[in-house]
Amino acid sequence: QVQLVESGGGLVQAGGSLKLSCAASGRTSSISIMGWFRQAPGKEREFVAASTWSGGILRYADSVKGRFTISRDNAKNTVYLQMNSLKPEDTAIYYCAYRRGIADSANGNEYDYWGQGTQVTVSS
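Scoring rules and cut-offs
- Residues numbered from 1 in each chain as written.
- Predicted model: local features only at pLDDT ≥ 70, side-chain atom pairs only at ≥ 80, totals over all residues.
- Heavy atoms only, no water.
- Buried < 20%, exposed > 50% of the residue type's maximum accessible area, 1.4 Å probe, protein only.
- Helix = DSSP H or I, 4+ residues; strand = E, 2+ residues; numbered from the N terminus.
- Pairing = 2+ DSSP bridges.
- Phe/Tyr/Trp six-rings, centres within 6.5 Å; stacked < 30°, edge-to-face > 60°.
- Lys NZ or Arg CZ within 6 Å of the ring centre and 35° of its normal.
- Contact = heavy atoms within 4.5 Å.

Q: Looking at this model, I keep getting lost on the pairing of strand β1 (residues 2-7). Mind explaining?
A: Within a regular beta strand, the side chains point alternately toward one face of the sheet and then the other, so they alternate between its two faces. Judged by which residues are buried, β1 turns out to be one-sided: Val 2, Leu 4 and Glu 6 face inward and are buried, whereas Gln 3, Val 5 and Ser 7, on the alternate face, are not. Judged from the six bridges that link them, β1 and strand β3 (residues 18-26) form a sheet pairing that is antiparallel. Following the sheet pairing, Glu 6 is matched in β3 by Cys 22.

Q: Help me out: how do you make sense of the packing of aromatic side chains in this one?
A: Here a ring pair, both rings aromatic, is described through the centre-centre distance and the interplanar angle of the planes. Using the criterion set out here, one finds five aromatic pairs in the structure. On the basis of an interplanar angle of 75° and a centroid distance of 5.6 Å, the ring pair of Phe 37 and Phe 47 is categorised as edge-to-face. Separated by 10 residues along the polypeptide, Phe 37 in strand β4 (residues 32-39) and Phe 47 in strand β5 (residues 46-52) bring together distant segments of the chain. Among the residues examined, Phe 37 registers a relative accessible area of 1% and is labelled buried. Owing to a relative accessible area of 11%, Phe 47 belongs among the buried residues under this scheme. Site record: aromatic cluster; members linked through ring pairs are Phe 37, Phe 47, Tyr 111 and Trp 114. The side chain of Lys 19 reaches across the aromatic face of Tyr 80, ending 4.7 Å from its centre. Across the ring face of Phe 37, the terminal group of Arg 45 is positioned such that the distance to the ring centre comes to 5.8 Å.

Q: When you look at unusual backbone geometry in this model, what are you seeing that I'm missing?
A: Of all residues except glycine, most have a negative phi; of all peptide bonds, most are trans. In this structure, Asn 77 takes a positive phi of about 55° despite not being glycine. Positioned with a positive phi, Ser 85 is a non-glycine residue whose angle comes to about 50°. Here Ser 85 lies in the loop between β8 (78-83) and β9 (92-100).

Q: I'm lost on the environment of Ala 40 in this one. Help?
A: Tracing the backbone through its elements, the reader meets Ala 40 in the loop between β4 and β5. Overall, the relative accessible area of 17% leaves Ala 40 in the buried class. Once residues lying within four places of it in the same chain are set aside, the contact partners of Ala 40 are Thr 91 and Ala 92.

In structure tokens form, the structure reads like this:
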């Protein structure tokens, strides 16, 4: 059992920045992948970014490459998503997810645990 608690969402103007945090607790493992997904109203959930425990393997959706950065602080069991140059189309609920295993994945169905989500709203 793994619990994920997200924070850092809010309202920001286009071109601004936000940093999301996700703290994991419970039976976490170093053999794991943590990722970020998002879902806008009326749209499908989509992959944003993922990182292995070591940070040696990073993966980003094409829509956020060059703007978003995923990182981890393993001593705190926390993963971050630094979001720069935000656009209105980035507006969504952002979810942190946890997957046991060594390989990263952009498929949300392959993740085992999910956070409650945090709202990110980007105004024009």
